[in-house]
Amino acid sequence: MEWLETFWATYSTLVLSIGTNVLLALSIYLTLACGLLTVANAAFMGIGAYTAALLSLHSGLPFYLSLMLGALLPAAVALLLGPPTLRLSGVYLAMATLAFGEIVRIFLLNAENLTGGALGLNGIPQHSQWFDVLVLVVAAIYLLLRCAGSRIGRTMVAICQDEVATELMGLNVRAYKLFAFVLGAGLAGLAGGLNAHFTFFISPNEYGFDRGVEILAMGVLGGTGSPWGAVIGGVLITLLPELLRGLGNYRPLINGVILIVIILYSPKGIWDLTRYLRRGGAAS
Amino acid sequence: MLTLSSIAKNFGGLQVLQDVSLAIPERGIFGLIGPNGAGKTTVFNLISGLLAPSAGVIEFHGQALTGLAPHRITRLGIARTFQNIRIFKEMSLLENVLVAIGRQGNSGAVSFLLPSAKLRATQRSERAAAKELLARVGLADKAELLAGKLSYGEQRRLEIARALATAPKLLLLDEPAAGMNGAEKQQLMEEIVKLEASGLALLIIEHDMRFVMGLCHEIAVLNFGQLIAQGAPAAIRADRQVIEAYLGDDGDGEKSRS
Ligand SMILES: Nc1ncnc2c1ncn2[C@@H]1O[C@H](COP(=O)(O)OP(=O)(O)OP(=O)(O)O)[C@@H](O)[C@H]1O
Ligand SMILES: [Mg+2]
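Thresholds, definitions, all that
- Numbers given for residues are sequential positions, taken from 1 along each chain in its written order.
- Note on labels: chains are lettered from A, ligands numbered from 1, in written order.
- Thresholds applied to this predicted model are a pLDDT of at least 70 for local features of residues and 80 or more for the giving and counting of side-chain atom pairs; totals over whole chains, interfaces and linings are not thresholded and use all residues.
- Note that the side-chain values use all heavy atoms of the structure and ignore hydrogens as well as water.
- The criterion for strand pairing is that DSSP finds at least two bridges linking the strands in question.
- By definition, any uninterrupted DSSP run of H or I lasting at least four residues is a helix, any uninterrupted run of E lasting at least two residues is a strand, and each is numbered from the N terminus.
- Only heavy atoms matter for contacts: two residues are in contact if any of them lie within 4.5 Å across the pair.
- Axis lines are fitted to C-alpha atoms, over the contacting stretch for helices. Their N-to-C directions set the angle, which ranges from 0 to 180 degrees.
- Put simply, angles under 35 degrees are roughly parallel, angles over 145 are roughly antiparallel, angles from 65 to 115 are roughly perpendicular, and the rest are oblique.
- Left-handed is the label given to a crossing in which the near helix is rotated counterclockwise from the far helix by less than a right angle, and right-handed is the label when the rotation is clockwise.
- One heavy atom within 4 Å of a molecule or strand is enough for the residue carrying it to be called near that molecule or strand.
- Within 3.5 Å is the distance limit for a polar contact, defined as a pair of N or O atoms, with the added protein rule that one can donate a hydrogen and the other accept it, and that residues adjacent in sequence qualify only through two side-chain atoms.
- Note on areas: Shrake-Rupley with a 1.4 Å probe; residue coverage comes only from the protein chains shown.
- Three categories are distinguished: nonpolar for Ala, Val, Leu, Ile, Met, Phe, Trp, Tyr, Cys and Pro, charged for Asp, Glu, Lys and Arg, and polar for the others, with Gly belonging to the last.

**Let's talk about the sheet that holds strand β1 (residues 2-11) of chain B**
All names here are of chain B.
- One open sheet accounts for four strands, arranged β2-β1-β4-β5; its pairing is antiparallel. Both outer strands of the open sheet, β2 (14-24) and β5 (63-64), are each paired with one neighbouring strand and no more.
- This element, helix α1 (residues 40-47), spans β1, β2 and β4 (55-60) of the sheet and lies at about 115° to β1.

Pasting the structure below:
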């Protein structure tokens, strides 16, 4: 078992990051599957991270309760933000959610008494164990797989293909979009809380535009055909920088190149590609 | 069952409909005809809630539809198809119909979370119902095919099956025969007659005069956003105003379709 300890000492952060990134990828999968281009998930992650971390630092609440509140607050925010913004689509929706992300970041930066401002929060107890992450990731995958296999998932695919036709089939399109948005915000908040409890330190800039794009990249890379696509995307985007260590500062560049290649040659992501290969490449 | 009272619709300065009043009865096949751009599709969009009238009231079984979201109007029992076909191209035929059927079996909001015998039974019965609807429009053998691979006429029939899946009392068909060949049109007419016999009311927009005259019990004619005639097919065919506006250029309406 000695090798395991050595392995864990070196790679624990990486393994835990895979877990939280899979949660983030699942969170963006939900909205992408409805055809919604939202980029607020980094902000929801930030709200979750700060909520859970502050509760751990200043209240005697048990860790799991802090985590759950860290998921509930961003979900509640999404419930308020959703109705006005989800009327928008395409670039306008992306811009509105982007602006919301900036508001959250700047709030975290300026509410110094609460958040520590630019200095961030230090000394967050390292409560997140590998089994916490594992249990929550498995639970999230299970939840979304059940969703995808039910009429909720079918309706989301329909909305993505033709919103008007779906609405005229008697389905409340706005309610489905809001559901995806709110559940996605909750998952992102959960990822934030878990992440904060193994990184020891968090600061507002971790939840800015860069993170938003990274989350989007996971969703697009993996594909929105199935929650498994998101899982693949989350794992790959976490591992890529490690695998490409030799490239030094050029690593982010490879991320970008891979994304461009995927979008050009398999616009529905890697998941769709694997489905194609599994069918022997014959059927489409 | 459905009444439009003094409906007007403007798009900016463009008056598309003026003072349109119609009463669609509980049973029977009602036709809405008129030259291109007369405002026929706009009438459908107003009924189904995609557009709000600039003036006037639309009522269904005495209930005003104004302000209701389109999905609510569908749930009241009004379903439609689209002139520019809007099927879910990347889903199978069966899934297309299942999307619309899902609303019926309300098996509880969170019942999907755990696999259960009841859930499987619901899913099985939904699939059976969807297959039956596909059979009704003659597409049963293609249930697993991707909808985008269907021919034009088949896509129109899939749209009808999907609309039927919402369990409508009134079915609005926007140019159901467009793009169909003679045999397909004949088959579609038979299907529509069967639908009417099953207790459904139909409101049909169509340019093909043989189709309209052969099917409809009553016909209303729109021209430049105004109703210029309404009555039985024989009376419409003989109406001077209608002949001048529309029927005079016999078959021309069809030629200019895309
Ligand atoms: N959303 C809209 N915005 C602006 N103008 C519109 C809109 N919808 C329809 N129109 C205009 O209203 C008029 C009537 O259109 P409509 O589609 O109802 O005609 P139609 O009778 O269905 O014609 P067709 O036989 O060609 O289908 C047209 O001049 C059209 O350009
Ligand atoms: Mg039209």
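Next comes the rest of the write-up.
**Quick look at the packing of helix α3 (residues 93-101) of chain B against helix α4 (residues 117-136) of chain B**
All names here are of chain B.
- At a minimum axis distance of 9 Å, the contact between α3 and α4 shows a crossing angle of 115°. It follows from the interaxial angle that α3 and α4 lie roughly perpendicular. The element α3 and its partner α4 pack so that their crossing is right-handed. Taking contact as the criterion, the partners of Leu93, Leu94, Val97, Leu98 and Ile101 in α3 are, on α4, Glu126, Arg127, Ala129, Ala130, Lys131, Leu133 and Leu134.

**Comments concerning the site of ligand 1**
All names here are of chain B.
- Around ligand 1 sit 13 residues, and of these Gly37, Lys40, Thr41, Thr42 and Gln83 come closest.
- Within the backbone of Gly39, a nitrogen or oxygen atom sits 2.9 Å from an oxygen atom of ligand 1.
- Contact distances for ligand 1 include 2.6 Å between an oxygen atom and a side-chain N or O atom of Thr42.
- Computed on the free molecule, ligand 1 has an accessible area of 630 Å², of which 63% lies beneath the protein chains in the complex.
- Looking at the shell around ligand 1 element by element, the count peaks at three residues for α1.
- Class assignment of the residues belonging to the shell around ligand 1 gives a composition of three nonpolar, seven polar and three charged.

Everything listed here is a matter of geometry and, on its own, says nothing about what the molecule does.
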